[in-house]
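# Commentary on secondary and tertiary structure
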Amino acid sequence: MTDKEQKAAAKKFAAEWAGKGNEVQDTFKFWVGFIRRVLGVEDAENHIEREKPVKYEGHTTKIDIYIPETHVLIEQKSFGIDLDKPEPRHGEMLTPFKQAEQYSQKLKLSEKARFIIVSNFETFRIYNLDQDGFESNYEEIKLCELEKECHRFGFIIDKNKQMHQREMEISNKAGILVGKLREAILSQYDDPNSPETLKSLNVLLVRLVFCMYAEDAGVFDNHEQFGQYLKQFPVEKLNIKLQELFEVLNTRPENRYRYMDEELAAFPYVNGGLFADNSIEIPKFTDEIVDLLINKASAGFDWSEISPPIFGAIFESTLNPETRRLGGMHYTSIENIHKVIDPLFLSELKTEFNGLIKNFEKAKSAVRDRKKHITESQIAFEAFRDKLASLTFLDPACGSGNFLTETYLSLRRLENEALKAIIECETGMEGQTTMSEANPIKVSINQFYGIEINDFAVAVANTALRIAESQMIKETEEITKKDIEFLPLSSYDNIVEGNALRVDWESVVPKDKLSYIMGNPPFVGARLMSDAQKSDVFNIFDGVKNNGNLDYVSCWYKKATELMKGTYIRTALVSTNSITQGEQVAILWRTLFEQGVHIDFAHRTFRWDSEASIKAHVHCVIVGFSVAPNTAPKHLYDNGTDKIVNNINGYLVEADDVVIESRTTPICKVPPIGIGNKPIDDGNYLFSYDEMIAFIKSEPRSEQYFRPWLGATEFINGKPRYCLWLGDCSPKELMSMPECLKRVEAVRKFRLDSSSAGTRKLAEKPTRFHVENMPSSNYILLPCHSSQNRKYIPFGYVSKDTLSSNAVLIMPNASLFHFGILTSNVHMAWVRTVCGRIKSDYRYSKDIVYNNFPWCEPTPEQKAKIEKTAQNILDVRAKYSDSSFADMYGENMYLYADLVAAHQANDRAVMEAYGFWGKLNTESECVAELMKLYQKLTENTH
C-alpha cells in the first residue's frame, strides 16, 4: 500500500465510523477493519487476540484487544465515553488507561504491553510504555484526523515480521525446488555416490541457482534470458550447451569467440570465480530437469524475493540428513541470528545512528547557522558509513553463511539509511543532491570471512552473499536514483574450506584487522563425537584435566579466546546449553576465565527453532565474551526478559565466577546419598511381573527371594520390575532350587567371560552384586535421569523391602525436612542450573548436584512448617494411587490441582527458610543467591 492509498483508505474508514461505536458490539469489527484497511494487513484477524483472559484480583477478566507480536494492548470504550473519567472497576475507580495498565501488569513478563491504546471510537490515545513519563506524555489522535495521521499507527503491526514470513514462504518453495532438482540430476550420473559426482553436482546446483536468480532479479538483461536459452535446444544436448554457457559467463566480452551465437553473446560476464571450474561433469538432462529449470515460475515464487540467509540454510539442507547430523550442522533462524549480532554490535550501531538522526533533526530546525549544522550532520553520517565499512567479521563454522549474510544485510540497511540522510542533507542545502559517485556503496562483502568444512556449504555461502549483495544494490539504486553495476562480480575468496579447528584463523583474517567473531558451531556432545572430532578436542584442550568430557563446541570458545588476546575483538557463539551446566562448566569456563575471558552478555537456555525443514529440537544458549576490557552494561536475557547485571558466570547466572567442583561428600551436614544396586548379571536376576510369576510356578521356593526392583524408569512410570536376590541364600538352600542355580551359573559365566579383571573377580561371588546398597529403613529415591519438561523431578519414599538399581540415587535415614527441601523449587532451580544433561533431560548427580547444594538452616518453626508441607505432598500423591509420577508430574500436572497447591505451599515454606520469599522474582536470581551461599560454605571448608 502506497502512502496515497493508505490515506485514501484512512479517510474512507474514518467517514464510516464517524459518530458511532459500541464497546461490546463493535470493538473487534472496528480494529480488524482498521488493521486490514488502514494498515494494509490482509489477515488482520490472525494478528489479534480478542478478549484475552487475564487473572485480576482473584477472578478472570478480559483485555478488549491484544496484539502479541508487538505487545499492543487496546482498551476500547463506547462512543461518547470520557477517557479521563474514572469508572468503578474491581472495587476501584479507574480511568480507562489505569484499567489497561493494571491488566498489563497481570500479564506474564514476556507478554507485558509496550504500547497501550485507549479509544472511544472518536479519539485514540497512544501510550508508549518504554518512554519516561508515558502516563502524561501520550499521543492523542482524532478519528477525523486519521487521513493525515495514519502513519503514526505503524507500531501496531510488525511489518518486518510480515515481510519475513513472506520471505520464508518463498525461500521454502525455492528450497523444495532445489531439492527436487538435486535428486533429478543426481539420478542421471553413472556413479551417483562418488566424491567426484557429488562435487560436480554441488557446483552445478549453485550455478543453476545463480542463473535462475539472475534472470528474475534483473542481473541478466533479459528477464527470461536463461530460460529462453535452454528452450532452444533438445533435451539430450542441454548438458553440452550449459557447459558452453558457463564458459561464456566466465569470459570477458573482449576475449570471447567473435562469431558465437547471439544468444550466448548476450549473456554478461559474471567473474567472481563462480563459473571458473570447467572440469565439472554435467550429465544428460531429462524432461523433468528442464521443466524444473524453465518452468520454475509455476512453483509460485520469484527468485528475486528470496531471503539469502533463509534460502542458504534451506539450500544446504538438501544435503543428506545423516551427513548433517554427524557434522552437527543446525540452521539458525533470522530471529536467533539477531539474538547474537544485536547485543554483540548491531544494537550499539543502531543507537549511534539514531543519535545522528536526532542531531540532524535539530540541525534542520536550527534558527542560526543552519547550513553549518547540516554540513556537520552530513560529515557525521559519512563518518558513520566509514565506520560500517571498517568492521570485519569472522564466522569460523559458517555453514551456508546465514550469519555472514544477515550481518551484511543489516550493515547495508544501516548504510542505506545513512545514504538517505546524506541525500537529505544535500537537498536541504542545495535543493538537489550532488552525489556523483557511480557506486556510493562502502560496505562490502569483502568484510566478511568464514571457515567451513563442507565444500558444498562454502559454495552456498558464497552464492547467498552474492544474492544479498544484488538485493541491496537494488535498494541503494532506489535511494540514490542511480544505476549501480552489479556485474562483473569482484573476486571473493574469504570463505575458506577446511576444519576450523585445524585451520589457523589468522591465516583467514589477520587479528589486527578483525572486529567480531560470531556463529553457530557444530552441536556434538562429548559422547557422540567421531574419533577425529575427539582428537580435535584433546589437541585444543591439551593438558586440561577431564577434557574428554567437553562438547565439541567448546573448541571454538578456546580458539576464539586465543585469537582475542591482545586485541579488542569480541565474540558471540550459539551453543547447546550443556556447556553451561554440570561438570563442563568447571572444565571449560575455569580454563577461559584463567585466560582473562569475561562474559559480556548471554541468553539463558531457550528452545531452538531453525529455518530448515528438519528442526534441530535442542536447547541452546548464546554467550557473548571477550578478553579486552568492556565497560558496556552486561545483559542477561532470560525467557523474554533483559536484565542488566554486574557479572555473568559460566552457569549464565548473575553471580561471581564460581565453578561447582565435583565433591565426594556433602558440603552441608545432611545424610550422604549413593547409587542403588549394580548387579552386573546380564539380566539374569531381573524379571517383569509375568516372568516372575512364571518362574515361581516352576520354582515355588524362590518366591521368598523376590523383591521389587526400581530404576528411574520403573519408579517414574509406576511399573516396578522384580529382582531375584540370592545374596542371603545359603548354599544348601540354593542347591535345592535348580532353576535359581541355573541363573547363578549363568551370571558366573557372564562375569568370567568379561574383558574386565574386576568383573572376572566378581565371578567368585555370583550371588552378590557389584554394588550393594540396601538400607535397613525406608529411604528417599532420587531418579538420576528425568525429563527436562518437568517442573519438579519426582522424588519419593520407598520401602526398605524394595531394591533400587544404579539408575537412581538413594538417601537412607531421610526425614520429611530433607524431602521437603529436595522437592522444592529452590532445589529444582539448583538442579536445572548445575546438573549435567542427557540430551536435554536432567542428569541428577551425587558429586556435582547433591553434595554441593547449600542447605538452609531453618528455625524450629520453619523446619516444622517444611515437614508439614512435605507430608502434605505425600498425602496428596497417595490419593492418586492409579496415577504414576509420569502422569502427576507431566505436561498435565495442572489436572492435579491439589498436588500443584501442595508443591506451591512447600515452595513457599522452603523459600521462607532461605529468606528468599518476597525478595526474588526469577529462578536465576534464586540460583545466584544459592551460589553466594555456596561460596561462603566453600570458604569455610578451605
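Residues numbered from 1 in each chain as written. Predicted model: local features only at pLDDT ≥ 70, side-chain atom pairs only at ≥ 80, totals over all residues. Heavy atoms only, no water.

Now for the environment of Leu-274. If you trace the backbone, Leu-274 turns up in the loop between helix 9 (262–265) and helix 10 (287–294). You can call Leu-274 buried: its relative accessible area is 17%. As for Leu-274 and Ala-397, which are separated by 123 residues in sequence, their C-alpha atoms are 21 Å apart. Not counting chain neighbours up to four residues away, the residues in contact with Leu-274 comprise Val-206, Arg-207, Phe-210 and Thr-463. (Helix = DSSP H or I, 4+ residues; strand = E, 2+ residues; numbered from the N terminus. Buried < 20%, exposed > 50% of the residue type's maximum accessible area, 1.4 Å probe, protein only. Contact = heavy atoms within 4.5 Å.)

On to the packing of aromatic side chains. Evaluated as defined, the whole model comprises 55 aromatic pairs. Plain terms: the ring middles of Phe-30 and Phe-121 are 5.0 Å apart, the flat faces sit at 75° to each other, and that makes the pair edge-to-face. Here Phe-30 is found in helix 2 (residues 23–38), whereas its partner Phe-121 is found in the loop between strand 6 (115–119) and strand 7 (123–128), with 91 residues between them in sequence. Look at Phe-30 and you get buried, because its relative accessible area is 0%. Taking the centre distance of 4.9 Å and the plane angle of 50° together, the rings of Phe-345 and Phe-393 count as tilted. Of this pair, Phe-345 sits in helix 13 (residues 334–364) while Phe-393 sits in strand 9 (residues 393–395), placing them 48 residues apart in sequence. Relative accessible area serves as the criterion here: at 1%, Phe-345 is assigned to the buried category. One aromatic cluster is present, formed by Phe-13, Trp-17, Phe-30, Trp-31, Phe-34, Phe-121, Phe-124 and Phe-153 through successive ring pairs. The residue whose ring lies beneath Lys-339 is Phe-606, and the NZ or CZ to ring-centre distance is 4.0 Å. Positioned above the aromatic ring of Phe-817 is the side chain of Lys-863, whose terminal nitrogen or guanidinium carbon lies 5.5 Å from the ring centre. (Phe/Tyr/Trp six-rings, centres within 6.5 Å; stacked < 30°, edge-to-face > 60°. Lys NZ or Arg CZ within 6 Å of the ring centre and 35° of its normal.)

This part covers a negative patch on the surface. A cluster of like negative charges, contributed by Asp-190, Asp-191, Glu-196 and Glu-281, occupies part of the molecular surface. Along the chain, Asp-190 turns up in the loop between helix 5 (159–186) and helix 6 (195–217). Accessibility expressed as a relative area gives 79% for Asp-190, which makes it exposed. (Patch = residues over 30% accessible without salt bridge, like charges linked within 9 Å, V, L, I, M, F, W, Y side chains within 5 Å. Areas by Shrake-Rupley, 256 points an atom, 1.4 Å probe, with all protein chains shown as cover. Salt bridge = Lys/Arg side-chain N within 4 Å of Asp/Glu carboxyl O. Lys, Arg positive; Asp, Glu negative; His and termini not counted. Charge placed at Lys NZ, Arg CZ, Asp CG, Glu CD.)

Helix length check: helix 24 (residues 738–752), at 15 residues, gives a terminal C-alpha distance of 21 Å against a target of 21 Å (1.5 Å per residue), a fit within 8%. Looking only at helix 24, the buried set comprises Cys-740, Val-744, Val-747 and Arg-751. Buried positions in helix 24, seen along its axis, are confined to an arc of 60° and lie on one side of it. Exposed residues on helix 24 whose side chains face more than 90 degrees from its buried face are Lys-742 and Lys-749. The secondary structure elements touched by the buried residues of helix 24 are helix 21 (689–698), strand 21 (721–724), helix 23 (731–735) and helix 25 (757–762). (Expected span 1.5 Å × (residues − 1). Arc of directions from axis to C-beta.)

Before going further, it helps to examine the pairing of strand 14 (residues 598–607). Of all 10 residues making up strand 14, 8 are buried, and the element is well covered by its neighbours. As paired strands, strand 14 and strand 15 (residues 619–626) are joined by 7 bridges and run antiparallel to one another. Paired with Ile-599 across the two strands is Phe-625, which belongs to strand 15. Pairing of strand 14 with strand 16 (residues 634–638), which is carried by 3 bridges, proceeds in the parallel orientation. Within strand 16, the residue paired with His-603 across the bridge is Tyr-637. (Pairing = 2+ DSSP bridges.)

What follows concerns the pattern of salt bridges. Under the definition given, this model contains 47 salt bridges. The closest approach of N and O atoms between Lys-565 and Glu-562, which form a salt bridge, is 3.5 Å. Residue class for Glu-562 comes out partly exposed when judged on its relative accessible area of 35%. A single salt-bridge network, built from bridges that share partners, covers Glu-382, Arg-385, Asp-386, Arg-412, Glu-415 and Lys-442.

Here we take up the environment of Asn-494. Secondary-structure assignment places Asn-494 in the loop between helix 16 (455–480) and strand 11 (495–497). In sequence terms Asn-494 and Gly-91 are 403 residues apart; their C-alpha atoms lie 67 Å from each other. Contacts of Asn-494, omitting those with residues within four sequence positions, involve Ile-445, Asn-446, Gln-447, Phe-448, Tyr-449, Gly-450 and Val-508. There is a polar contact of 3.2 Å between the side chain of Asn-494 and the backbone oxygen of Phe-448. (Polar contact = N/O pair within 3.5 Å; in protein donor to acceptor, adjacent residues only side chain to side chain.)

With that out of the way, let us pick up the sheet that holds strand 22 (residues 779–783). Within the open sheet, the 4 strands sit side by side as 18-26-22-24. Their pairing is antiparallel. A strand with exactly one partner marks an edge of an open sheet, and here the two such strands are strand 18 (674–675) and strand 24 (796–798). In this sheet, strand 26 (residues 808–812) lies alongside strand 18 in antiparallel orientation, the contact comprising 2 bridges. Directly across from Gly-674, in strand 26, lies its bridge partner Ile-810.

A few words on helix 21. Turning to helix 21, its buried residues are Met-692, Phe-695 and Ile-696. Angularly, the buried residues of helix 21 cover 100° about the axis, an arc narrow enough to put them on a single face. Projecting away from the buried face of helix 21 at angles above 90 degrees are the exposed residues Asp-690 and Lys-697. The elements touched by buried residues of helix 21 are strand 19 (686–687), strand 20 (706–710), strand 21 and helix 24.

Just geometry here; none of it tells us what the structure is for.
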